[in-house]
Each structure stands twice: as C-alpha cells, then as structure tokens.
Amino acid sequence: MSREQAAAAMERQARACAEMDAALYADLLARAAGDVRAGGPCATVITGYEDADADALVSLRLLGGVHALVLSGRAPELARFYPSAGGAHRAADAPACWAAFRAVVEAEHDTLRGWLRRPPQTNEVGRANLLLAGLLLAVHEVGGLPVRLVELGASAGLNLRADRFRVEAAGFAWGPADSPVRLPGAWRGGAPDWLRAAAGAYPELTVVERLGCDVAPLDPGDPDGALALRAYLWPEHTARAARLAGALELAGRLPARVVAAGAADFLAKIAPRPGTLTVVWHSVMRQYVPAEEWARVTVELERLAAAGGPDAPVAHLSFEPHPWEARNDFQLRARLGTGPERLLAEAHPHGLPAWPT
C-alpha cells in the first residue's frame, strides 16, 4: 500500500506539471510512478518516504536532486534532454530520457537520499510581482514612509530585494530600468488602477531593512545554495531560470539577512518601529508550516497589527493558495493594521501573470 500511495502522489504531481507547461517532468513522473510500483530504483531511493504527507512534495525533492546532478555535470547522458543544461526535450525522445533518468537514480542513490531530506526551495522570483503590488499600495496608503521588509519562509531572501526588480505590463512599468531582474507580462490585460496610482506616486521606495526567516535558509552567495535554487526550478522553465540568475546577481550586491528560525518564533521578536512601515509578507510557504505553528503566527500577526499606529504602521501581505488547504486559486491578500483583509489580485502560482479580482 505504501508504494501505491507514493506512486499515486507522483501521478498527481505529473498532472500538475503537465498543467504548468513542464512536459518533461510530467512524463518522467508518470514513468517513475510505474517504476515505484514495480519496485525499481525509484522505489528504492524513496524508501521510508512512501507515506509522506502530500505537502512534503517527495516527487519534487527527487526531481530536484536529479536536476542538481544534471546542472553540475554529473549526469551528461540525461543533460541532453534538459533545456536548463542546453539540451532539448522532444516527445520522441521520452523513452531515452526516461532510461537515462532511471540510470541516474540507480547510480546516485546516496546523493538523492540526501535531497529527500530537504524541502523544495525555489525562492520563486516571479511571485515578487504580487508582493510588490501589495507593497506599493501599502506605501501609498501610509503616505510614503520608509519600509522595513520582513519575510516569513524567505529561503535565500531573494524577494527581500524585490523593490529593485523591474515589473512590466502593457502600458505599465515600475522599477529600475537596468535591473537584472525583469518581470515582463506581469498583469493580464494591464495593471489595475490602484497599482498604477501607487506606482505613479512612488516610482522608487526607501527600504531601510531587509530581514527574513527560514527553517533552512540558503545562502545565495554560496555555490551549493545557488545550485539548490537552480535545481528546484523545472528544466523547461528557462524564463524562470533567467529571473533567478538576475536575482542571484542582485543579491551579490544588495545585502539582506535571513535567520534560521521558525515563522512564529521569528515573528515574536518583531515590533513596529516609529517612522517606518513594517511589512510582513510571505508567498507559497504556508503549506510547509504545521497547523499548530501557524496558529502562533496568526497570534503574532494580530499582536503586531494592534501594536502599530499612524506613526508606526504594520501591513501583512500574502500570496498563497486560497483556500490554502485545497491549493486552488493563488491570491494576493493585504491587511493594513487592524483593518479588514482585502483580496487584491489572483495569479499563476509562479506569480506571472496576475489579474485583478
């Protein structure tokens, strides 16, 4: 039964990959599911993880480990099918690609077991599109105060530099024109009026602090950390890889601090600061936080909201699935102080494009 559960999880992830323009991964996972049922190398490497909760994303951990081997030159026969490594994936090559993948899984058992112990961390830069929109609105509403960015589940902290990204949509652009991170096609049908107004009023933001937390933070300046971020991107998503490369470059010259801590313990140490807007934000990380800890996060967010005031406002921005348990629509929600939470936009899970609600 355990193998069947693991195989079914792979098939669900395969369908999700197919829906998100990742045919290579969709095919590999469908075949890996059969290999698990047959007791092949994929079954061997995930031994002990067969009954893992769906949120553990064991399939993506395995794929990430194999991708890292491809990117580091340790799987040349497989690399020729991976666009991220200069290869190409064609439907006719699917059997040969699977054979190379299966051989890597069998040969690199110990390495891949190590990857199964680490949660996926894409630090998806495209999601900054939504976070920035909410940030600009919050700054507009408090009259342009300097900003403290506080991120929960920050991974490598790449989105803590989001104010230096360039966002582009039809008839709309915001951010440095020479930014190494470009987010084109950001809004379906053009940016909403509220964003145009906020962006027009504040063509540049003053960010005085960039602070985040993660249970297992990655250092974007460390080659192993950068490899992990690249490995968890899907090989066919070359535009995402280009955004990541730009974000890694920007991280090399714009400091941000990410501490190793759970979200609730980290947030308990945050207090409003006079003369600044404290913005707590997070994107597609709630699924990794146990329910009991998220309850504590909610308490801390309420404490912060109540402690803020006109001279020390607090905003909470989230880009998460809603309802998050069902992983349905991915929504940007915003709350300023103790006011009501507002639904501002929905978007593709990777943040591009977005559309107003």
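In this report, we go over the structure that sits alongside the text.

Reading guide: rules and limits
Residues numbered from 1 in each chain as written. Predicted model: local features only at pLDDT ≥ 70, side-chain atom pairs only at ≥ 80, totals over all residues. Heavy atoms only, no water. Helix = DSSP H or I, 4+ residues; strand = E, 2+ residues; numbered from the N terminus. Rg over C-alpha atoms; globule rule 2.2 N^0.38 Å. Buried < 20%, exposed > 50% of the residue type's maximum accessible area, 1.4 Å probe, protein only. Core = buried A, V, L, I, M, F, W, Y, C linked by side-chain atoms within 4.5 Å. Pairing = 2+ DSSP bridges. Axes fitted to C-alpha atoms, helices over the stretch in contact; angles between N-to-C directions. Contact = heavy atoms within 4.5 Å. Parallel < 35°, antiparallel > 145°, perpendicular 65-115°, else oblique. Nonpolar A, V, L, I, M, F, W, Y, C, P; charged D, E, K, R; others polar. Lys, Arg positive; Asp, Glu negative; His and termini not counted. Salt bridge = Lys/Arg side-chain N within 4 Å of Asp/Glu carboxyl O. Phe/Tyr/Trp six-rings, centres within 6.5 Å; stacked < 30°, edge-to-face > 60°. Lys NZ or Arg CZ within 6 Å of the ring centre and 35° of its normal. Expected span 1.5 Å × (residues − 1). 1 Å grid on protein atoms, 1.4 Å probe; cavity = no way out; pocket = protein on both sides within 12 Å on 5 of 7 lines; lining within 4 Å. Points joined across faces, edges and corners; volume = space filled by probe spheres on them.

## Considering the overall build of the protein chain
Secondary structure summary: the protein chain contains 13 helices and eleven strands in total. Here the C-alpha atoms of the protein chain give a radius of gyration of 21 Å, agreeing with the 21 Å that 2.2 N^0.38 yields for 357 residues. Once the C-alpha set of the protein chain is aligned to its principal axes, its extents read approximately 65 × 45 × 35 Å. Sorting the 357 residues of the protein chain into buried and exposed places 54% on the buried side.

## Some details on the nonpolar core
Leu135, Leu158, Phe165, Trp187 and Val279 are the most contacted members of the largest nonpolar core, which totals 64 residues. Element by element, the count of residues in this core is highest for helix 8 (residues 128-141), at ten residues. By size, the runner-up hydrophobic cluster in this structure holds 42 residues, among which are Leu62, Leu63, Tyr82 and Leu116.

## Considerations on the sheet that holds strand 8 (residues 314-322)
To summarise the sheet geometry, strands pair through backbone hydrogen bonds and adopt either a parallel or an antiparallel arrangement. Taken in spatial order, the eight strands line up as 6-5-1-7-8-9-10-11 in an open sheet, and their pairing is mixed. Of all the strands in the sheet, the pair left with one neighbour each is strand 6 (257-260) and strand 11 (354-356). Mean inter-strand twist for the sheet, computed between neighbouring axes without regard to direction, equals 20°. Relative to strand 8, strand 7 (residues 277-283) is paired through six bridges, and the arrangement is parallel. Looking across to strand 8, one finds that His282 is bridged to Ser318. Contacting strand 1 (147-152), strand 7, strand 8 and strand 9 (329-336), helix 13 (residues 291-307) runs over the sheet at an angle of about 160° to strand 7.

## Regarding the packing of helix 1 (residues 2-19) against helix 4 (residues 58-71)
Look at helix 1 against helix 4: their axes get within 9 Å of each other, and the N-to-C directions meet at 75°. With respect to helix 4, the axis of helix 1 lies roughly perpendicular. Residue-level contacts link Ala9, Met10 and Gln13 of helix 1 to Ser59, Leu60 and Leu62 of helix 4. A breakdown of the residues in the contact of helix 1 with helix 4 according to their chemical character gives four nonpolar, two polar and no charged.

## Focus on the side chain of Glu293
Relative to the helices and strands, Glu293 is located in helix 13. There is no salt bridge for the buried Glu293, and the closest opposite charge comes from Arg296, which lies 5.1 Å off by N-O distance. Aside from chain neighbours lying at most four places away, what touches Glu293 is Gly262, Ala263 and Ala264.

## So, the packing of aromatic side chains
With the rule as written, the count across this model stands at five aromatic pairs. Relative to Phe101, the ring of Trp98 lies with its centre 5.9 Å away and its plane at 25°, an arrangement referred to as stacked. Taken together, the positions of Trp98 and Phe101, both in helix 6 (residues 94-107) and three residues apart, correspond to about one turn of that helix. For the pair formed by Trp98 and Phe101, the shared burial category is buried. With centroids separated by 6.4 Å and ring planes inclined at 90°, the aromatic side chains of Trp187 and Trp194 adopt a geometry described as edge-to-face. What makes Trp187 buried here is its relative accessible area of 4%. Above the plane of the ring of Trp115 lies Arg118, whose end atom (NZ or CZ) is 4.4 Å from the centre. Its end group placed over the ring of Trp355, Arg188 keeps NZ or CZ at 4.1 Å from the ring centre.

## Considerations on the sheet that holds strand 2 (residues 166-169)
With mixed pairing, the three strands of this open sheet are ordered in space as 3-2-4. For this open sheet the edge positions go to strand 3 (172-174) and strand 4 (182-183), each flanked by a neighbour on one side alone.

## Points about helix 2 (residues 23-37)
Along its 15 residues, helix 2 runs 22 Å from first to last C-alpha, staying within 8% of the 21 Å computed at 1.5 Å per residue. Taken as a whole, helix 2 has its buried residues at Leu24, Tyr25, Ala26, Leu28, Leu29, Ala32, Ala33, Asp35 and Val36. Looking at the buried residues of helix 2, the elements they touch are helix 1, helix 3 (41-45), helix 4, helix 6 and helix 10 (223-231). Trailing helix 2 by a residue or two, Gly39 shows a phi angle of about 75°, which is positive.

## Focus on the layout of surface pockets
Taken as a whole, the second largest pocket encloses approximately 390 Å³ of empty space. Lining the second largest pocket are 22 residues, with Trp294, Leu301, His316, Ser318 and Glu341 positioned closest to its centre. Mapped by element, the contributors of at least two residues to the lining of the second largest pocket are strand 7, helix 13, strand 8 and strand 9. Here the element with the most residues in the lining of the second largest pocket is strand 8; it accounts for seven residues. A class-by-class count of the residues in the lining of the second largest pocket yields nine nonpolar, seven polar and six charged.

## Section: unusual backbone geometry
The linkage connecting Leu352 with the following residue, Pro353, adopts the cis geometry, with an omega of -5°. Take Pro353: it is sitting in the loop between strand 10 (342-347) and strand 11. Phi angles above zero are rare outside glycine, and Asp21 is one such case at about 60°. Positive phi is not limited to glycine here, since Leu57 has a value of about 55°.

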